Amino acid sequence: MSRRSLTLILASVGAAVAIAVSVLVPVPYVILGPGPTLNTLGKDSSGQPLITVSGHPSYPTSGHLNMVTVSYVGGPGSHLNIFSALAAWLNPDEAVVPESELFAPGQSQQQSQQQDTQEMTGSQQTATAAALTELHIGYATQVVVVQTEAGFPASGVLKAGDVITAVDGKPVTGATALTKLITAHPAGATLAVTIQRSGKTRQLNVGTRQSGGHPVMGVEIEEQYKFPFNVKFSVGDIGGPSAGMMFALGIIDKLTTLDLTGGKFIAGTGEITASGQVQAIGGIQQKMVGARNAGATYFLTPASNCSDTKGAVPAGLHVVKVSTLSQAVTYLEDIKAGQAVPSC
């Protein structure tokens, strides 16, 4: 065999091995693309309203207030190869990000989906709280024990599901109030903690210890809300917290005669707090593409995401920056009236 033939054979084998490796060996990246977009004022694929209010007057709505999502390819246990990643990198509507941005170390896709589902449920409750706060409709906030930390005073005293209602006789109206009541005493103090457990009221003595520079009981808590009427959501298996603002706007539109859209197609995104603060989210570029493809002409985005929209706004889409739910309501009324609104 000639040297030239041998060189060609070796080069061919090397190329074949390189191709096989690039196809078969997964890369630690995830491809993000536009996902489904659903009208919070409309119905799901089975004909059920996305938002149903019962126990309180509601009013007809028009137009669209669409929540938007991001789809992804890749992740733990998948086989995303370098060719797929490069193709997505060249597609202006997609993004290639490190797997670690979506999945915690050692987290499976199933665990991630469970987390997304929990975040969606939480965002729906928080959106309801934000909408009622904006409309000055009262509701109760409960501080519920999620778990206690081993080695801390609360361990073995408080249990998951306990509702903390008071500390030293002073009412606990939220997580911030509980923190203030705990830190009002020096580390090592014993607190009289009133709880509700299995429908019964109890008073327990819980100590504190120093951690992170301040006294703590060693308990993980979450806020839960008791609303004066029912708000039900139907979004299927979509997860994550970023639809919060659009849920809140949909609830406000149904509970009032405002007709926020004036018949226009408006989409948006943003995590929300019970007080109405609109917080940054991920995948804003893919969400704008999904919104425009669905027919949206206006897109509400968290002000803190404005830098992420630069150079990526689809033609025909007007991006409106908002920092609070109250601003979002005002800007929607301005759009309906044909007035200018802040843009990124």
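Note that the structure is predicted; figures quoted are calculated from it, not measured. (Residues numbered from 1 in each chain as written. Predicted model: local features only at pLDDT ≥ 70, side-chain atom pairs only at ≥ 80, totals over all residues. Heavy atoms only, no water.)

Of the regular secondary structure elements, the protein chain holds eight helices and 18 strands. Counting only C-alpha atoms, the protein chain reaches 95 × 60 × 35 Å along its principal axes. Split into buried and exposed, the 344 residues of the protein chain put 41% on the buried side. Pairs at least 24 apart in sequence give 71% of the contacts found in the protein chain among residues at least 6 apart. On the protein chain, roughly 17200 Å² of surface is accessible, and the fraction owed to carbon and sulfur atoms is 53%. Computing the positive centroid from 19 side-chain charges and the negative centroid from 21, the protein chain places the two 2 Å apart. (Helix = DSSP H or I, 4+ residues; strand = E, 2+ residues; numbered from the N terminus. Buried < 20%, exposed > 50% of the residue type's maximum accessible area, 1.4 Å probe, protein only. Contact = heavy atoms within 4.5 Å. Areas by Shrake-Rupley, 256 points an atom, 1.4 Å probe, with all protein chains shown as cover. Lys, Arg positive; Asp, Glu negative; His and termini not counted. Charge placed at Lys NZ, Arg CZ, Asp CG, Glu CD.)

Bringing the pattern of salt bridges into the picture now. With the rule as written, the count across this model stands at one salt bridge. Notably, a salt bridge pairs Arg-197 with Asp-162, separated by 2.8 Å at the nearest N-O pair. On the criterion of sequence distance, the pair formed by Arg-197 in strand β8 (residues 190-197) and Asp-162 in the loop between β5 (140-148) and β6 (163-167) is long-range, its members being 35 residues apart. (Salt bridge = Lys/Arg side-chain N within 4 Å of Asp/Glu carboxyl O.)

Now for the packing of helix α3 (residues 109-134) against helix α5 (residues 244-255). Contact geometry of α3 with α5 gives a least axis separation of 8 Å together with a crossing angle of 45°. It follows from the interaxial angle that α3 and α5 lie oblique. Once α3 is placed against α5, the crossing between them reads as right-handed. Across the interface between the two elements, Met-120, Ser-123, Gln-124, Ala-127, Thr-128, Ala-131, Leu-132 and Glu-134 from α3 touch Gly-244, Phe-247, Ala-248, Ile-251, Ile-252 and Leu-255 from α5. (Axes fitted to C-alpha atoms, helices over the stretch in contact; angles between N-to-C directions. Parallel < 35°, antiparallel > 145°, perpendicular 65-115°, else oblique. Left-handed = near helix turned anticlockwise from the far one by under 90°.)

On to the layout of surface pockets. Quantified by volume, the largest pocket comes out at close to 990 Å³. Looking at the largest pocket, it is lined by 33 residues, and the ones nearest its centre are Val-70, Tyr-72, Asp-116, Gly-239 and Gly-240. Split by residue class, the lining of the largest pocket holds 15 nonpolar, twelve polar and six charged. Taken as a whole, the second largest pocket holds about 610 Å³ of empty space. If you go around the second largest pocket, you meet 23 residues; those closest to its centre are Gly-122, Thr-126, Glu-222, Glu-223 and Tyr-225. For the lining of the second largest pocket, the secondary-structure elements that each account for two or more residues are α3, α4 (175-183), β12 (219-226) and β15 (271-272). Counting residues per element, the lining of the second largest pocket draws most heavily on α3, at seven residues. (1 Å grid on protein atoms, 1.4 Å probe; cavity = no way out; pocket = protein on both sides within 12 Å on 5 of 7 lines; lining within 4 Å. Points joined across faces, edges and corners; volume = space filled by probe spheres on them. Nonpolar A, V, L, I, M, F, W, Y, C, P; charged D, E, K, R; others polar.)

Owing to its 3.6 residues per turn, the α-helix brings residues three or four apart onto one side. With twelve residues, helix α8 (residues 325-336) should cover 16 Å at 1.5 Å per step; its first-to-last C-alpha distance of 17 Å lies within 8% of that length. One or two residues past the end of α8 sits Gly-338, with phi positive at roughly 80°. (Expected span 1.5 Å × (residues − 1).)

Turning to the state of the cysteines, a few remarks are in order. The tally for this structure, following the rule as stated, stands at one disulfide. In this model Cys-306 forms its disulfide with Cys-344; the gap between the sulfur atoms is 1.9 Å. Here the disulfide of Cys-306 and Cys-344 is left-handed, its torsion about the S-S bond being about -70°. In this pair, Cys-306 is assigned in helix α7 (residues 306-309) and Cys-344 in the segment after α8, connecting sequence segments 38 residues apart. Look at Cys-344 and you get partly exposed, because its relative accessible area is 27%. (Disulfide = S-S within 2.5 Å.)

Further remarks concern the sheet that holds strand β17 (residues 298-302). The six strands lie next to each other as β4-β1-β3-β14-β17-β18, forming an open sheet whose pairing is mixed. Looking at which strands have only one partner, the edges of the open sheet turn out to be β4 (95-98) and β18 (318-322). Within the sheet, the average angular offset between the axes of one strand and its neighbour, ignoring direction, is 35°. Of the pairings in the sheet, the one linking strand β1 (residues 29-39) to strand β3 (residues 64-74) comprises eight bridges and is antiparallel in character. Looking at β3, one finds that Gly-33 is bridged to Ser-71. Contacting β1, β3, β4, β14 (265-268), β17 and β18, helix α6 (residues 284-294) runs over the sheet at an angle of about 40° to β1. (Pairing = 2+ DSSP bridges.)

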